[in-house]
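Take a look at the letters that make up each chain.
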Amino acid sequence: MEALLFVELQKASYIFIMRRVYLDHTATTPLDAQVFEAMKPYFSEKYGNASSIHQFGQEARAALDQSRDTIARLLGAQSGEILFVSGGTEADNFALKGVAWKMREEEGKNHIITSKAEHHAVLETCEFLEHNGFDVTYLNVDEYGMVDPADVRKAITPKTAIISIMHANNEVGTINPIEEIGLIGKEHGVVFHSDAVQSFGKLPLAVDQVKADLLSLSAHKIYGPKGIGALYIRKGTKIERFMHGGGQERGRRAGTENVPLAVGFAKAAELMASMGESEQRRLGQLKVKLHAMIEERFPFVIFNGHPTDALPHILNISFDSEKVEIDGEALLFNLDLAGIAVTSGSACTSGSMEPSHVLLAMGRDEKTARATIRFSMGESTTEEDIEYTVGVLEEVVRKIAKVLV
Ligand SMILES: Cc1ncc(COP(=O)(O)O)c(C=O)c1O
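Calculation rules
- Residues numbered from 1 in each chain as written.
- Predicted model: local features only at pLDDT ≥ 70, side-chain atom pairs only at ≥ 80, totals over all residues.
- Heavy atoms only, no water.
- Salt bridge = Lys/Arg side-chain N within 4 Å of Asp/Glu carboxyl O.
- Helix = DSSP H or I, 4+ residues; strand = E, 2+ residues; numbered from the N terminus.
- Pairing = 2+ DSSP bridges.
- Axes fitted to C-alpha atoms, helices over the stretch in contact; angles between N-to-C directions.
- Near = heavy atom within 4 Å.
- Polar contact = N/O pair within 3.5 Å; in protein donor to acceptor, adjacent residues only side chain to side chain.
- Areas by Shrake-Rupley, 256 points an atom, 1.4 Å probe, with all protein chains shown as cover.
- Nonpolar A, V, L, I, M, F, W, Y, C, P; charged D, E, K, R; others polar.
- Domains from an automatic or database assignment.
- Contact = heavy atoms within 4.5 Å.
- Buried area = accessible area lost by both parts, 1.4 Å probe.

A. Inspection of the pattern of salt bridges at higher detail. Following the criterion strictly, the structure yields 25 salt bridges and no others. The partner of Arg234 in a salt bridge is Asp208, and the shortest N-O contact between them spans 3.0 Å. With Arg234 in the loop between β8 (229-233) and α9 (259-275) and Asp208 in helix α8 (residues 207-210), this residue pair connects regions lying 26 residues apart in the sequence. We note a salt bridge from Arg297 to Glu394, for which the minimum N-O separation is 3.1 Å. Residue Arg297 is located in helix α10 (residues 278-297), and its partner Glu394 is located in helix α14 (residues 383-400); the two are separated by 97 residues in the primary sequence.

Okay, structure coming up:
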């Protein structure tokens, strides 16, 4: 049966393969050529350990300091408030575990507030903390995946150590009102962390404006290298150290500094900033086009995410299970065979597609959540890519969907 299906899909693919279209920039982005050039010397001739006092070390130290200054400047932060880490996952772990541990130890606070639509890096860290005696409130989100600041306010108790609410959602693109949430945190003296992995470089993100005490960032979502990110820690925030060892990163995250990756991260961030709003506007126009073409051709599609308060490069759609029966896996597989790289936004564990926790939290039923496509555009995406994608999608849907109404 499976073999038959495969042959069937392969046959179909001959019709389609005409170009390769990468529409998964939310998962990762290609490394920018200028970023690669900036990093190269720090892999070869400028290889010193940034903690060494000789000239080789000092050369590496200068590059590291400069990279830290760049990230800090782009956030309106001080250099000492930026810690380089291995990526968004580590930044989330560091922020939550570090603050939770410290606040319990020093102030007896053991309560955490987060939302049901967070990235797994936050959710699984919270689950770990629950197993270690912390209480976690997982707030509901609305039909667009947005957190209501009033719910945050209601959830705060005298025991609340930290609030962690993401800036922009990685599956549906919805932007949370983090300024308001940050203010609520301030009023109650509660530390506020925001996972800004998807918004950094794309939305304005000045730390004083967004009122965050901690921000998680990652380089590979902005055409930088994989394996590096940063945690912004507002001066004075109580946080336990994350890695024990040498005194690197102000003694909070031990381990020899990854200078080439830090240089690449800073270069990528600078390039994103230099593009200003024009690239985001261009992506927004492509999203409008993709949205319009899909709406016109697929009457049984539901658009996920906020219609206006959302990242301009993500479009997430589901096929309404009450109107059409469609196998989400076959859908993605057929698109891939035709050269189109998209995702459902759901975790693919041991070969079975789990429905997205974000879509379930937004009130989608399981079947609909499984029949989902997340398109995420980037610098290389053109109007022709969008037209090709919609054309192929039409062919695939015609082939595998069973219309119920
Ligand atoms: C919102 C969000 N947080 C955290 C992460 C994890 O970042 P990294 O891949 O750098 O560990 C991702 C990556 O997909 C993300 O989208």
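B. Layout of the sheet that holds strand β9 (residues 301-304). Read from one edge to the other, the open sheet built from three strands follows the order β9-β10-β15, with strand pairing classed as antiparallel. Each edge of the sheet is formed by a strand with only one pairing partner; in this case those strands are β9 and β15 (372-376). Each strand of the sheet is rotated relative to its neighbour by a mean of 25°, with strand direction disregarded. As defined by bridge partners, β9 adjoins strand β10 (residues 314-319) across four bridges and the pair is classed as antiparallel. Bridge assignment links Ile302 to a residue of β10, and that residue is Ser318.

C. View of the site of the ligand. Not every one of the 13 residues close to the ligand is listed here, only the nearest: Thr89, Asp195, Gln198, Ser218 and Lys221. One of the side-chain N or O atoms of Gln198 is found 2.8 Å from an oxygen atom in the ligand. Take His220: an N or O atom from its side chain is 2.9 Å from an oxygen atom of the ligand. Burial of the ligand by the surrounding chains reaches 85%, relative to a free accessible area of 390 Å². Broken down by class, the residue content of the shell around the ligand amounts to two nonpolar, eight polar and three charged.

D. Spatial organisation of the domain arrangement of the protein chain. If you check the domain split of the protein chain, you get domain 1 (2-26 + 277-403) and domain 2 (33-275). Once you take the C-alpha centre of each, domain 1 and domain 2 turn out to be 30 Å apart. Each partner contributes residues to the interface: domain 1 has 28 residues there, and domain 2 has 27 residues. Sorting the residues of domain 1 by area buried against domain 2 places Leu311, His357 and Met362 first, and these three jointly supply 25% of that buried surface. At the boundary of domain 1 and domain 2, one finds zero salt bridges. Linking domain 1 with domain 2 are 11 residue pairs in polar contact (both at pLDDT 80 or more). At the level of elements, α10, β10 and α12 (357-361) are the ones that each hand at least two residues to the side of domain 1 that touches domain 2. Here the side of domain 1 that touches domain 2 gets four residues from one element, more than from any other, and that element is α12. Class assignment for the residues of the side of domain 1 that touches domain 2 results in nine nonpolar, 13 polar and six charged.

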